[in-house]
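# Residue-level structure breakdown
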Amino acid sequence: MKRVLQILALAVAIFAVVFWLAAGAQRGWTKTSIPVRSVDEITGIEGITYKKQFVPGLDFLGAGLLGAGFLTGVSLFFREKNKTKTNRTSIQQATTKII
Amino acid sequence: MTKQFTALLVLTALGSSAYAAPLTFDFKDPKGVNNAVFKLDAPLEAISGSANGITGTVTFDPEKPGDTKGKIVVTTASLHVPNSMMNEHMHGGQWLDVAKQPEITFEAKSLKNVKTTGDSTSADVTGTFTVKGVAKELTAPIKLTYLKGKLGERVPKMNGDLLVIRSTFTIKRSDFGINPSAPQDKVSDEISITLSIAGASPR
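Everything quoted here is computed from the prediction, not taken from an experiment.

Okay, the overall build of chain A next. Within chain A, the secondary structure is distributed over 3 helices and 2 strands. In chain A, the succession of helices and strands from N to C terminus is α-β-β-α-α. Every one of the 99 residues in chain A was classed for burial, and the buried ones make up 14%. Pairs at least 24 residues apart make up 70% of the contacts formed inside chain A by residues separated by at least 6 positions.

What follows is about the overall build of chain B. Within chain B, the regular secondary structure consists of 3 helices and 11 strands. For chain B, the sequential pattern of α-helices and β-strands runs α-β-β-β-β-β-β-α-β-β-β-α-β-β. On the principal axes, the C-alpha backbone points of chain B span a range of 80 × 35 × 30 Å. Taken across its 203 residues, chain B has 33% of its residues classed as buried. Sequence separation of at least 24 residues holds for 58% of the intrachain contacts in chain B that already meet a minimum separation of 6.

This next bit is on the pairing of strand β2 (residues 46-55) of chain A. In the sheet, strand β1 (residues 31-39) of chain A pairs with β2(A) via 8 bridges, with the strands oriented antiparallel. In the sheet register, V36(A) faces β2(A), and the bridge partner there is T49(A).

With 16 residues of chain A in contact, the opposing surface of chain B contributes 20 residues. Looking at the side of chain A that touches chain B element by element, the count peaks at 5 residues for β1(A). Its residues assigned to classes, the side of chain A that touches chain B comprises 7 nonpolar, 6 polar and 3 charged.

Now for the nonpolar core. Most often, soluble globular proteins have nonpolar side chains that are buried together. With 43 residues, the main nonpolar core has F25(B), F60(B), L163(B), I165(B), I197(B) and A198(B) as its most contacted residues. Ranked by size, the runner-up nonpolar core spans 6 residues in total, among them V12(A), A16(A), W20(A) and A68(A).

Residues and elements named next belong to chain A. Put simply, helix α1 (residues 2-22) and helix α2 (residues 58-75) touch, their axes get as near as 8 Å, and they point 170° apart. With respect to their mutual orientation, α1 and α2 come out roughly antiparallel. Seen from α1, the contacting residues are K2, L5, Q6, L8, A9, V12, A13, F15, A16, V17 and W20; seen from α2, they are F60, L61, G64, L65, G67, A68, L71, T72, V74 and S75. Looking at the contact of α1 with α2 residue by residue, the classes come out as 15 nonpolar, 5 polar and 1 charged.

All names here are of chain B. Of the pairings in the sheet, the one linking strand β2 (residues 35-41) to strand β11 (residues 190-202) comprises 5 bridges and is antiparallel in character. Within β11, the residue paired with N35 across the bridge is S196. When β2 meets strand β3 (residues 46-51), the two strands line up antiparallel, connected through 6 bridges. If you follow L40 over to β3, its bridge partner there is I47. Linkage of β2 to β3, two consecutive antiparallel strands, is achieved through a turn of 4 residues.

For the rest of this paragraph, the subject is the environment of I142(B). For I142(B), the location among the structural elements is in strand β9 (residues 134-147). When the C-alpha atoms of I142(B) and S122(B) are compared, they prove to be 5.7 Å apart, with 20 residues separating the residues in sequence.

Notably, A25(A) is not glycine yet its phi reads approximately 50°, a positive angle. As for its placement among the helices and strands, A25(A) is situated in the loop between α1 and β1. Within the chain, K132(B) stands out as a residue other than glycine whose phi angle is a positive 55°. On the secondary structure map, K132(B) appears in the loop between β8 (120-131) and β9.

Residues and elements named next belong to chain B. On the secondary structure map, I197 appears in strand β11. Once the C-alpha coordinates of I197 and K132 are considered, the two residues, 65 residues apart in sequence, prove to be 22 Å apart. Not counting chain neighbours up to four residues away, the residues in contact with I197 comprise F27, N34, I54, I72 and I165.

On average, residues of chain B score 91 in pLDDT, and 90% of them are at 70 or above. Model confidence for the complex is summarised by a pTM of 0.81, with the ipTM given as 0.81.

Further remarks concern the environment of A140(B). Residue and element names in this part refer to chain B. Examined against the element boundaries, A140 turns out to sit in strand β9. When the C-alpha positions of A140 and D124 are compared, they lie 5.4 Å apart, and in sequence the two are 16 residues distant. If sequence neighbours within four positions are ignored, A140 has contacts with V125, S167 and F169.

Calculation criteria
Residues numbered from 1 in each chain as written. Chains lettered and ligands numbered in written order. Predicted model: local features only at pLDDT ≥ 70, side-chain atom pairs only at ≥ 80, totals over all residues. Helix = DSSP H or I, 4+ residues; strand = E, 2+ residues; numbered from the N terminus. Buried ≥ 20, exposed ≤ 12 C-beta atoms within 10 Å, placed from the backbone. Contact = placed C-beta atoms within 7 Å. Pairing = 2+ DSSP bridges. Nonpolar A, V, L, I, M, F, W, Y, C, P; charged D, E, K, R; others polar. Core = buried A, V, L, I, M, F, W, Y, C linked by C-beta atoms within 7 Å. Axes fitted to C-alpha atoms, helices over the stretch in contact; angles between N-to-C directions. Parallel < 35°, antiparallel > 145°, perpendicular 65-115°, else oblique. pLDDT = per-residue confidence, 0-100.

Written out as structure tokens, the structure is:
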């Protein structure tokens, strides 16, 4: 369980960083729509409409890294079962050899 | 007889041009291009958005641009920022209270420092700006561009003129009771507004 949580934490952190970087490393808040500008040829006015698009911001990156930190923290409450098993197995093997 | 008739026609034409009524421009834009951009530049956060629900009428006399008067109305619910949660907060009771205050208006009363070059007029407009039910008098620089006979090029099968109005001015949100207790390092007290609108006067 400990290992699973740590791997999950790493995956969450990597996903948050890669997604934030790939979407343009937006330094402000996360955007759920982006402005689309078009110029009216007669009046010269730049019209603005909005297109739905998710652009992760620093809050998204922060939440991702915080989530990863939380998972890592939770993982510390679990004991490593595999390590104990390995130790026991090696002790058993040594005992068997001696016998 | 023909000479008298011609003279009468010329006099009538001169008379009508001398007392030509100012043109009325309707700012409900069928193309939806008219917009007002707002920017708040706080030390910790910059917020920008726009509004496109613009209506209103302006009377403009090409011979006397200094006599321009009118009222521009912005539908409060049309104010948009790119973050949906921020948008909800902005429309809520603490900020713009869209449900109770559906309109932001500016009523132009007088123009000063009028300078006309060709079809363009620059001036300082004084009028009443109303946001969230609070009305304040303000003066802002304005540029009017009269595009005679250009309506047909923009809206097919229509004849008439266009009037483009551009203005950039600053207001303080605390003056209009827009969540005055909000921290100014996060949400700037000063709001810069840039208005770019075109009105039509069909013939």
